[in-house]
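Below are the chains, spelled out letter by letter.
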Amino acid sequence: MKKRLFVGLDVHKESIAVAVAEPERHGEVRFVGTIPNTPESLKKMVAKLGSENQRTLKVCYEAGPSGYGVYRHLTSWNVDCLVVAPCRILKSPTDRIK
């Protein structure tokens, strides 16, 4: 069975910030870095993260003005991707809104 790796993206017009989380209960969560927002650099990042121990990537990012271009690229490469609407994220009544 292939290992999974959860990938979180913060997508901006010019760049994408990448963070990863291990699926284990006490798995490592780390910031990988920032890449340019281009299909070539996105594909290179997917290849690098997926090739480490033959991992299956589970990617998600927040829906925003950058659209679904990243989603279309990732799904065309058979990467499981989820776009999350910010209004659908559960919040505690005590959470502050900036």
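Our subject is the structure that appears above.
Everything numeric in this text was worked out from a predicted model, so none of it was measured. (Residues numbered from 1 in each chain as written. Predicted model: local features only at pLDDT ≥ 70, side-chain atom pairs only at ≥ 80, totals over all residues. Heavy atoms only, no water.)

Caption draft 1: Inspection of helix α1 (residues 39–51) at higher detail. Helix length check: α1 (13 residues) gives 18 Å between terminal C-alpha atoms against 18 Å at 1.5 Å per residue, within 8%. Of the positions making up α1, those classed as buried are S41, L42, M45, V46, L49 and G50. Buried residues along α1 cover an arc of 155 degrees about the axis, so they all sit on one side. Exposed and oriented more than 90 degrees from the buried face of α1 are E40, K44 and K48. Packed against the buried residues of α1 are β1 (4–11), β2 (15–21), β3 (29–36), β4 (56–62) and α2 (69–76). (Helix = DSSP H or I, 4+ residues; strand = E, 2+ residues; numbered from the N terminus. Expected span 1.5 Å × (residues − 1). Buried < 20%, exposed > 50% of the residue type's maximum accessible area, 1.4 Å probe, protein only. Arc of directions from axis to C-beta. Contact = heavy atoms within 4.5 Å.)

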